[in-house]
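# A structural walkthrough
So you can see what is in the structure, the chains are spelled out below.
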Amino acid sequence: MRIFDPHIHMTSRTTDDYEAMRAAGVLAVVEPAFWLGQPRTSPATFYDYFDSLLGWEPFRAAQYGIAHHCTIALNPKEANDPRCLPVLEELPRYLVKDGVVAVGEIGYDSMTPAEDHALAAQLELAADHGLPALVHTPHRDKLTGLRRTLDVVRESALPVDRVLIDHLNENTVKEAKDSGAWLGFSVYPDTKMDEDRMVAVLRAHGPERVLVNSAADWGRSDPLKTRKVADAMLAAGFGEDDVDLVLWRNPVAFYGLSGRLDLTPAEAAATHEGNSILRGGE
Amino acid sequence: MTDRATPHPAPPTSHPAPPTPHAPLPPAELRARLASRLPAPARDWLDTALAGAAPAGAGEPGWRLSFAEAGRRTGPDAADDARVLLLHAAGAGPATLALLYRQGTAAERRAVLRALPHLVDGDQALDLVEDALRTNDTRLVAAALGPYGARHLPAHDWRHAVLKCLFTGVPVDSVARLAERARGDGELARMLGDFAAERGAAGRTVPPDLYRVLALTESQPAPSEES
């Protein structure tokens, strides 16, 4: 079984997670730039974070045989802090990088005017750079947030079929599907979706254009949820081809829209006998 | 730094690293070698990108975009060489190289480090080498110990870099002028001996490369040798 986790914040995870993910069949991940739990207060800390997503984190992933790409953006929560807004001006120099396969995560948090501006501006950046966009839907007031998100997408230069709407659930999947966007589902231990609900959504709406992710981060989350959904699909009677479509081919097709997806573990080449993660331990 | 308490398995997949050439090829030779292994579209892209980077156009942002996108245009295996050629074609000086390094991905930083021997005569770019040696990215550590680092790193920093290679598993074969700089270096020999003793006390194996470097320190320095 080959698995592509299209949304996971590996910066917050340990090498034990990488090892377990690889053992479970995860061969590729996309790490969206997002909030770190502690609000940032200056643009420079974003640049170090972005550099890490284009340097250290792919290196770590490669040591476990996992291809790592990222999406870059100013997240909606911090778009509300004027101290962080200069990040928007620096995004173009990041959006040309080889490892960047989308603009994201963008979208709404509290649906403020500042978030309106950041979302619209970054959808334009995606269109300008030939990149798709990863747009999350808010935790609170989700259906209203989805509708407002789709309105902004339709007004942008980015075609809706180059947009992945994430954190969907039973209440938002139909409108998102009708829009023509790609459909993302985050499977969590407590909140968002769980494996059985995910299987029910797949039964009701089909596996086409559906992506399943763990969205694992610094909170209570599980980097193996992608595999658990695959197992639940098989147990519920889905075929291996359906599993491969949802857990591999759909994410490859979506992020492949960037023209930058490189799934040969070429970066692992350089690690060869290099095990600097091991810090001298043997 | 803390050592892990339990052994860690090797990465599930790994591919042989392309050797870091000690004496970098002259640009014309590098270009010919690269062109011969690129498919036609990538070769055409490279020709256009190099023409756009020629010094007359070096002030334009276009070639910097080429520098960033070399990976997806030529493939990850060829990107290092393509980027080094772009830096040569643009005649990038220390200020440009520093900017590209600081704003670069790990792959772009590696290409800047590899281009230093031909593009910077003095030690103005030594801070880039020092930055790379502070990372734990073995690709950057290896590139930092190319001919430019061999020429300019002070003895103390160079010794620590060699020791870091042994710690992180960078093959010492990738260290430029290793034999020449290690020869007769009693302080390096002491550091290697202490490291071996520490590993022995912990019940761990000593990397075979350590004994190779130790043997190199035992030969006498040539009369004209620096440091």
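Provided above is the structure to which this section pertains.
Described in the following lines is the structure provided in the data block. (Residues numbered from 1 in each chain as written. Chains lettered and ligands numbered in written order. Predicted model: local features only at pLDDT ≥ 70, side-chain atom pairs only at ≥ 80, totals over all residues. Heavy atoms only, no water.)

### Structural notes on helix 3 (residues 62-74) of chain B
Residues separated by three or four positions in an α-helix point in the same direction, a consequence of the helix having 3.6 residues per turn. Residues and elements named next belong to chain B. Applied cut-off: For helices the rule is a DSSP run of H or I covering at least 4 residues; for strands it is a run of E covering at least 2, with both sets numbered from the N terminus onward. Take the residue count of a helix, subtract one, and multiply by 1.5 Å to get its expected span. Any pair of residues with heavy atoms lying within 4.5 Å of one another is described as a contacting pair.
For helix 3, spanning 13 residues, the distance from its first C-alpha to its last is 17 Å, which sits close to the expected 18 Å at 1.5 Å a residue. Where helix 3 is buried, its residues contact helix 2 (40-53), helix 4 (76-90), helix 5 (94-102) and helix 6 (106-119). Note on helix 3: the residue one or two positions beyond its end, Gly-75, has a positive phi of about 95°.

### Focus on the side chain of Arg-162 of chain A
Residue and element names in this part refer to chain A. Here is the rule we go by: Only protein chains enter the accessibility calculation, which uses a 1.4 Å probe; a residue is then buried when its area is under 20% of its type maximum, exposed when over 50%, and partly exposed in between. In this charge count, Lys and Arg are treated as positive and Asp and Glu as negative; neither His nor the chain ends contribute. We define a salt bridge as a contact between a side-chain nitrogen of Lys or Arg and a carboxyl oxygen of Asp or Glu at a distance within 4 Å.
Among the structural elements, Arg-162 can be located in the loop between helix 7 (142-155) and strand 6 (163-166). Of the side chains with opposite charge, Asp-161 lies nearest to the buried Arg-162, which makes no salt bridge, at 5.9 Å. Residues within four places of Arg-162 in sequence aside, it is in contact with Gly-130, Leu-131, Pro-132, Ala-133, Phe-254 and Leu-257.

### A word on the sheet that holds strand 3 (residues 67-72) of chain A
All names here are of chain A. Threshold: DSSP calls a pair of strands paired once it identifies at least 2 bridges connecting them. Fitting a line to C-alpha atoms yields each axis, with helices limited to the stretch in contact; the angle taken between N-to-C directions then spans 0 to 180 degrees.
A sheet is described by the order of its strands in space; here 8 strands give the open sequence 1-2-3-4-5-6-7-8, paired in parallel fashion. The sheet is open, and its two borders are formed by strand 1 (3-5) and strand 8 (210-213), each paired with just one other strand. Taking the axes of each pair of neighbouring strands and ignoring which way they run, one obtains an average angle of 25° across the sheet. Bridge analysis of strand 7 (residues 182-186) against strand 8 gives 4 bridges, and the strand direction is parallel. By the bridge assignment for strand 8, Leu-183 is matched with Val-210. Sheet strands touched by helix 6 (residues 113-128): strand 4 (100-107) and strand 5 (133-136). Its angle to strand 4, the strand with the most contacts, is close to 165°.

### Digging into the pairing of strand 3 of chain A
Residues and elements named next belong to chain A. Counting buried positions along strand 3 gives 6 out of 6 residues, so the element sits mostly inside the fold. Of the two faces of strand 3, the one holding Ala-67, His-69 and Thr-71 and the one holding His-68, Cys-70 and Ile-72 are both buried throughout. As paired strands, strand 2 (residues 26-32) and strand 3 are joined by 5 bridges and run parallel to one another. Bridged to Glu-31 within strand 3 is Cys-70. Examined bridge by bridge, strand 3 and strand 4 share 3 bridges and lie parallel to one another. Within the sheet, the bridge partner assigned to Ile-72 lies in strand 4 and is Val-103.

### Notes on the side chain of His-152 of chain B
Residues and elements named next belong to chain B. For the record, the criterion: We call two N or O atoms a polar contact when they sit within 3.5 Å, provided that within protein one can donate a hydrogen and the other can accept it, with sequence-adjacent residues counted only if both atoms are side-chain atoms.
Relative to the helices and strands, His-152 resides in helix 9 (residues 147-152). The exposure class of His-152 is buried, given its relative accessible area of 19%. Looking at His-152, its side chain comes within polar contact range of the main-chain oxygen of Asp-121, at 3.3 Å. At 3.2 Å, the side chain of His-152 forms a polar contact with the backbone oxygen of Gly-122. If near-sequence neighbours (up to four positions away) are discounted, His-152 is found in contact with Asp-121, Gly-122, Asp-123 and Leu-126.

### A few points about the packing of aromatic side chains
Residues and elements named next belong to chain A. The condition is simple: Here is the rule: rings of Phe, Tyr and Trp (six-membered ring for Trp) pair when centre to centre is within 6.5 Å. Planes less than 30 degrees apart are stacked, more than 60 are edge-to-face, and the remainder are tilted.
In this structure the tally under the stated criterion is 12 aromatic pairs over all chains. Seen from their ring centres, Tyr-18 and Tyr-64 are 5.9 Å apart, and the 5° between their planes marks the pair as stacked. Of this pair, Tyr-18 sits in helix 1 (residues 15-24) while Tyr-64 is found in the loop between helix 3 (56-62) and strand 3, placing the two residues 46 residues apart along the sequence. Here Tyr-18 falls in the buried class, since its relative accessible area comes to 0%. Each ring, one from Tyr-47 and one from Tyr-94, has its centre 6.3 Å from the other, and the planes form 25°; the classification is stacked. Taken as a pair, Tyr-47 in helix 2 (residues 43-53) and Tyr-94 in helix 5 (residues 87-95) lie far apart in primary sequence, 47 residues in all. We note that Tyr-47, like Tyr-94, is buried.

### Re the nonpolar core
The condition that has to hold: What makes a nonpolar core is a set of buried Ala, Val, Leu, Ile, Met, Phe, Trp, Tyr and Cys residues whose side-chain atoms join them at distances within 4.5 Å.
Membership of the largest hydrophobic core comes to 71 residues, with the highest contact counts inside it found for Phe-50, Ile-72, Leu-123, Phe-185, Met-198 and Met-233 of chain A. Judged by nonpolar contacts, the second largest core, of 65 residues, contains Leu-100, Val-129, Ala-142 and Leu-163 of chain B.

### Section: the packing of helix 6 of chain A against helix 7 of chain A
All names here are of chain A. The condition is simple: In what follows, roughly perpendicular refers to angles from 65 to 115 degrees, roughly parallel to angles under 35, roughly antiparallel to angles over 145, and oblique to any angle outside these ranges. We call a crossing left-handed when the near helix sits turned anticlockwise from the far one by less than a right angle, and right-handed when that turn is clockwise. Classification convention: Asp, Glu, Lys, Arg as charged; Ala, Val, Leu, Ile, Met, Phe, Trp, Tyr, Cys, Pro as nonpolar; all other residues, Gly among them, as polar.
One way to put it is that helix 6 packs onto helix 7 with a least axis distance of 10 Å and a crossing angle of 40°. The orientation of helix 6 with respect to helix 7, classified from their angle, is oblique. Between helix 6 and helix 7 lies a crossing whose hand is right-handed. Mapping the contact onto sequence places Asp-116, Leu-119, Ala-120 and Leu-123 in helix 6 and Arg-148, Val-152 and Val-153 in helix 7. For the contact of helix 6 with helix 7, the residue count by class is 5 nonpolar, no polar and 2 charged.

### So, the environment of Trp-248 of chain A
All names here are of chain A. Here Trp-248 is to be found in helix 11 (residues 240-256). C-alpha of Trp-248 to C-alpha of Pro-6: the two residues are 242 residues apart in sequence and 9.1 Å apart in space. When residues no more than four places from it in sequence are discounted, the contact partners of Trp-248 are Arg-2, Ile-3, Phe-4, Leu-27, Ala-28, Val-243 and Leu-263.

### Side note on helix 10 (residues 155-168) of chain B
Residues and elements named next belong to chain B. Here helix 10 is 14 residues long and its end C-alpha atoms lie 20 Å apart, about the 20 Å a rise of 1.5 Å per residue gives. Three or more residues of helix 10 are buried, namely Trp-158, Arg-159, Ala-161, Val-162, Leu-163, Lys-164, Cys-165, Leu-166 and Thr-168. The inward-facing, buried residues of helix 10 contact helix 7 (126-134), helix 8 (138-144), helix 11 (178-182), helix 12 (186-201) and helix 13 (208-217). Gly-169 sits one or two positions beyond helix 10 and adopts a positive phi of about 85°.

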